[in-house]
Amino acid sequence: MATLVDLQKAEEPRDMVHRAVQALAEGRVIAVPTETVYGLAASGLDAQAVQDLIDLKGRSQNAPLALALSSTEAVWDFVCELSPLAQRLARRCWPGPLTLVLPSDSPESAVTQLPPEVRKYVLAPDGCVGFRVVAHRVFETLHQFVAAPIVLTSANLSGQPPATTAEAVLDQFGDRLPLILSDGPSRYAGASTVVRVKANRYEILREGAIERAAMRQFAKPIIAVVCTGNTCRSPMAEVMLRERFRQKTGREDAVLVVSAGVSAMPGGGAAQQAVEAMSQRGLDLTGHSSRPLDERLIELADLVLTMTGQHREAIVARWPHAAGRVKTLRHDGSDVSDPIGAPQEVYATCAAQIDEQLGQWVETLGEDWLPEEQGGQAPSSSDACEQQGGESDAC
């Protein structure tokens, strides 16, 4: 009979997870909780363990398995080059209930370091691999002590619904599993969403915990323009950039453009001169409400454009991990001078300077920066799995 370990009742849950680490190291297949459904896990460096996982599940050998990794950074080793869209989805959805299916057939990919018998089970015919960064405390510990990627699939027999409790796993597998970790009902009680991304195109292979409408929002680029008080330069940049993307794409919502200030007070209106400068361009700034730059906006933004070099330095000093996404608006690195307190014509000149730079940014970002959804309807679970994601869940 399988050993079922209840982490919610254990005095030292980490010690119980270490039993799972040992089992994986010994080449065993175990059942573990995730935030979506319970999963079957095996070491990605143990070909026999992966074969045992497939045999246990009764799974088609033509349906690729997913790899669970510790972080987005770890995925870089396998994908080598994440497109802006893939980076966007990974940053916004991981750790979480998303399986990202990404091209991984580069000679430099860490997939080439997996045993050939494992590689054939994770690499799809189109050269893609499905990746998970699981949002569950068990995986935080597993990844600390298991150097190998973890091969993961839903803990259910082929054709049966995925298990959302450890007891359901036990009912289906009984003594065929040496260890089942229990942590109560899974959070989402359903499959992860499986999305294949190639360059700027994405296809929802299976709609799961993240619904299609939400995925469209996650895929949408966000640009933040930043000044000091968020009352003149960055609000003008916000409405002008939004208008440029509207003209480019023919859509009002293709890109989300927001503005903020590194020293802004919330709720302030735009300077009257800025409102007038935009009115002369046919743009409305009367409803603007200032906001301070915060961590959430930094995490969500794909690109942060600052009015001065000092703004950029202040942001990078506070959020160094975002340095690659924070740029000065002017391509030569010089500053856009603050027009506050100046006559109306200075605001007009400042707006023209900002708009010229925004035009260059829109061209620099190019078409590949804008997401394109493929397919109108998500295929059924079984169809999705035949393409990539796992029989009823990539877990």
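Scroll up to find the structure this text is about.
Residues numbered from 1 in each chain as written. Predicted model: local features only at pLDDT ≥ 70, side-chain atom pairs only at ≥ 80, totals over all residues. Heavy atoms only, no water.

**A few points about the pairing of strand β6 (residues 128–132)**
Moving residue by residue along a regular strand, the side chains alternate between the two faces of the sheet.
1) Next: Most of β6 sits out of view: 5 of its 5 residues are buried.
2) Next: Of the two faces of β6, both are covered, the one formed by Cys128, Gly130 and Arg132 as well as the one formed by Val129 and Phe131.
3) Next: In terms of strand pairing, strand β4 (residues 66–68) meets β6 through 3 bridges, oriented parallel. Bridge pairing in β6 places Leu67 opposite Phe131.
4) Next: In this sheet, β6 lies alongside strand β5 (residues 98–103) in antiparallel orientation, the contact comprising 4 bridges. Note on β6: the bridge partner recorded for Leu102 is Val129. (Buried < 20%, exposed > 50% of the residue type's maximum accessible area, 1.4 Å probe, protein only. Helix = DSSP H or I, 4+ residues; strand = E, 2+ residues; numbered from the N terminus. Pairing = 2+ DSSP bridges.)

**Description of unusual backbone geometry**
In most cases, non-glycine residues show a negative phi, while peptide bonds are predominantly trans.
1) Next: Of note, the amide linkage connecting Trp94 to Pro95 takes the cis form, showing an omega dihedral of -10 degrees.
2) Next: Checked against the element boundaries, Pro95 lands in the loop between α4 (84–93) and β5.
3) Next: Look at Cys80: it is not a glycine, yet its phi comes out positive at around 75 degrees.
4) Next: Following the sequence through the fold, Cys80 ends up in the loop between α3 (72–79) and α4.
5) Next: For Ala189, which is not glycine, the phi torsion reads 55 degrees and is therefore positive.
6) Next: Secondary-structure assignment places Ala189 in the loop between β8 (179–182) and β9 (193–198).

**Brief notes about the side chain of Asp355**
1) Next: Looking at the secondary structure, you find Asp355 in helix α13 (residues 344–365).
2) Next: Judged by its relative accessible area of 14%, Asp355 is buried.
3) Next: When residues no more than four places from it in sequence are discounted, the contact partners of Asp355 are Met240, Arg244 and Arg281. (Contact = heavy atoms within 4.5 Å.)

**Regarding the packing of helix α10 (residues 272–279) against α13**
1) Next: At a minimum axis distance of 9 Å, the contact between α10 and α13 shows a crossing angle of 60 degrees. Classified by the interaxial angle, the pair formed by α10 and α13 is oblique. By crossing handedness, the relation of α10 to α13 is classed as right-handed. Of the residues in α13, those in contact with Gln273, Ala274, Glu276, Ala277 and Met278 of α10 are Gln344, Tyr347, Ala348 and Ala351.
2) Next: Looking at side-chain class alone, the contact of α10 with α13 contains 6 nonpolar, 2 polar and 1 charged residues. (Axes fitted to C-alpha atoms, helices over the stretch in contact; angles between N-to-C directions. Parallel < 35°, antiparallel > 145°, perpendicular 65-115°, else oblique. Left-handed = near helix turned anticlockwise from the far one by under 90°. Nonpolar A, V, L, I, M, F, W, Y, C, P; charged D, E, K, R; others polar.)

**Some thoughts on the pairing of strand β10 (residues 201–206)**
1) Next: Two strands pair when backbone bridges link them, and β9 and β10 are joined in this way by 5 bridges, in the antiparallel orientation. Paired with Val195 across the bridge in β10 is Ile204.
2) Next: Hairpin geometry of β9 and β10 is characterised by an intervening segment of 2 residues between the two adjacent antiparallel strands and by a positive phi of about 55 degrees at Ala199.
3) Next: Both β10 and strand β15 (residues 372–374) contribute to a ladder of 3 bridges, which runs parallel. In the strand pairing of β15, Arg201 is matched with Glu372.

**With respect to the sheet that holds strand β13 (residues 303–306)**
1) Next: Taken in spatial order, the 4 strands of this open sheet run β12-β11-β13-β14, and their pairing is parallel. Both outer strands of the open sheet, β12 (256–261) and β14 (326–328), are each paired with one neighbouring strand and no more. Strand-to-strand twist across the sheet, computed as the mean angle between neighbouring axes with direction ignored, equals 25 degrees.
2) Next: Bridging between β13 and β14 involves 3 bridges; their strand directions are parallel. Bridging across to β14, Val304 finds its partner in Val326.
3) Next: Contacts from helix α9 (residues 233–249) reach β11 (222–227) and β12, with the element oriented near 175 degrees to β12.
4) Next: Here α13 sits on the sheet in contact with β11, β13 and β14, set at roughly 155 degrees to β13.

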